[in-house]
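Observations on the three-dimensional arrangement
So the chains spell out like this:
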Amino acid sequence: MQKTKYIWLDGRRVLWEDAQVHILTHTLHYGLGVFEGIRAYDTVDGRTAVFRLNEHIDRLFESAHILQLEIPFTREQLIDETLALLEANEMGGGYLRHLVFVGDGMMGLHPGTNKVRVSIAAWPWGAYLGEEGMEKGIRVKVSSFVRHHVNAMMTKAKAVGGYVNSILAKREAVALGYDEALMLDTEGYVSEASGENIFIVKNGVIKTTPLTSVLKGITRDCILRIAEEEGYELIEERFTRDELYVADEAFFTGTAAEITPIREVDGRNIGAGTRGPVTERIQKRYFDIVKGADARYADWLTYVGKPVGS
Ligand code: PMP
């Protein structure tokens, strides 16, 4: 990973190397914490903008609310500090990681009065599932690990500990030579990947899983808007793995993964075994939007630094 100069920790900017925590940090032991992954893009006019910053910060607060973590900053403070950090790091586009975690103090499962701490880090990060995957599609394995039951983990919270399930699935898929893992829900229907939502396309109709067992992806929400605008019929309905096997196209969505085509699942080609035309069209629209080339979506971008001309 490419280091940058500063990390924001508990209200102040510290040098990257100095952003340290105590070994008895509660979250390190038990996983109670929430986070966000956000992207900033270099826009067509030469500036840098954070994509859907408000929605990500809102989700961070919702995740914290679900897990009963009181964030000791306001939304506005975190937004301002995010933008100031990107400016101070002079890094242009990249990835942002907001983490809300429980500090040290009491041990034992009850977090007691331990301080709720917040950090923001930012660093340059390219295509999460590889440049080639963005064009040709990736190979996916249906995991032997089941996604969380909705009453075991809180699936609407982007919770630190929830990602143990994702890591188990991801490691299994990679060890078997695949790029990404797709998990089924506790009833056996398609749920989500280790860090992405999924869409399938059949006869021009786009389908995605309902939000029941999956994270309410912000990229997923973008696709719903784009698909509607492009005139596609879009259905939010659960589907089975064999419906995915016989789809014409399939793709993952996520802040890190952006729009990543799926070319193969469990050794079966999806459609022609390459990126399909609907996926390509949606991908292009998405990249235009994040780079500020589509004026209709200007309110999804929060620019870093002063506006041009001021
Ligand atoms: N599901 C999971 C489990 C994720 O980790 C992510 C990434 N945050 C997503 C879906 C996609 O969410 P988003 O588009 O908001 O990044």
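1. Notes on the sheet that holds strand 6 (residues 116-123)
Spatially, the seven strands line up as an open sheet ordered 2-1-6-5-3-4-16, and their pairing is antiparallel. Two strands bound the open sheet, and with one partner strand each, they are strand 2 (12-15) and strand 16 (301-303). Neighbour-to-neighbour, the strand axes of this sheet turn through a mean angle of 25°, independent of strand direction. This element, helix 3 (residues 75-89), spans strand 1 (6-9), strand 2, strand 3 (33-42), strand 4 (48-51), strand 5 (94-102), strand 6 and strand 16 of the sheet and lies at about 35° to strand 6.

2. Side note on a negative patch on the surface
Negative charge collects at one region of the surface, where E131, E132, E135 and D179 lie side by side. Position of D179 among the secondary structure elements: in the loop between helix 5 (163-175) and strand 8 (180-184). A relative accessible area of 31% places D179 in the partly exposed class.

3. Some words on the site of the ligand
The environment of the ligand is made up of 16 residues, and the closest members are Y163, E192, I218, T219 and T255. Here an oxygen atom of the ligand and a backbone polar atom of I218 are 2.7 Å apart. Surface burial for the ligand is 96%, taken as the share of its 380 Å² of free accessible area covered by protein chains. Those elements giving two or more residues to the shell around the ligand turn out to be helix 6 (218-229) and strand 13 (249-254). Classifying every residue of the shell around the ligand by side-chain character gives three nonpolar, eight polar and five charged.

4. Describing the environment of R39
As for its position among the elements, R39 is in strand 3. On the basis of relative accessible area, R39 is assigned to the buried category, the value being 4%. Spatially, the C-alpha atoms of R39 and T255 are 6.4 Å apart, while their sequence positions differ by 216 residues. Among residues more than four places away in sequence, those in contact with R39 are A49, V50, F51, G94, Y95, W125, G126, A127, Y128, T255, A256 and E258. Engagement of the side chain of R39 in a polar contact is seen with the backbone oxygen of G126, the distance being 2.9 Å.

5. A word on a nonpolar patch on the surface
A cluster of nonpolar side chains, contributed by V21, I23, L24, L28, Y30, M107 and L109, occupies part of the molecular surface with about 700 Å² of accessible area. Summarising the element assignment, V21 is placed in the loop between strand 2 and helix 1 (26-30).

What counts and how
- Here the residue index of a chain counts from 1 through its sequence in written order.
- Two thresholds apply to this predicted model, a pLDDT of at least 70 for residue-level local features and 80 or more for giving and counting side-chain atom pairs, whereas whole-chain, interface and lining totals are computed over all residues.
- Water and hydrogen atoms play no part in the side-chain values, which are based on all heavy atoms of the structure.
- Any two strands are treated as partners once DSSP identifies two or more bridges connecting them.
- Each helix is a run of H or I in the DSSP string that is no shorter than four residues. Each strand is a run of E no shorter than two, and both are numbered from the N terminus.
- Note on geometry: axes are lines fitted to C-alpha atoms, helical ones only across the stretch in contact, with angles between N-to-C directions running from 0 to 180 degrees.
- Residue contacts are defined here by distance: any two heavy atoms, one from each residue, within 4.5 Å place the two residues in contact.
- Grouping into patches uses exposed residues only, defined as over 30% relative accessible area, and leaves out salt-bridged ones; the cut-off is 9 Å for like charges and 5 Å for nonpolar side chains (Val, Leu, Ile, Met, Phe, Trp, Tyr).
- A 1.4 Å probe and the Shrake-Rupley method give the accessible areas. Residues count as covered only by the protein chains that appear here.
- When a carboxyl oxygen of Asp or Glu lies within 4 Å of a side-chain nitrogen of Lys or Arg, that pair is called a salt bridge.
- We score Asp and Glu as negative and Lys and Arg as positive, and we do not count His or the chain ends.
- A charged residue contributes its charge at one atom only: NZ of Lys, CZ of Arg, CG of Asp or CD of Glu.
- The rule is simple: take the accessible area with a 1.4 Å probe, protein chains only, and divide by the maximum for that residue type; under 20% is buried, over 50% is exposed, in between is partly exposed.
- We call a residue near a molecule or strand as soon as one heavy atom of that residue lies within 4 Å of the molecule or strand.
- Each polar contact in these results corresponds to two N or O atoms within 3.5 Å; when the atoms are within protein, one needs to be able to donate a hydrogen and the other to accept it, and residues that are neighboring in sequence are counted only if both atoms are side-chain atoms.
- We call Asp, Glu, Lys and Arg charged. Ala, Val, Leu, Ile, Met, Phe, Trp, Tyr, Cys and Pro are nonpolar, and the rest, Gly among them, are polar.

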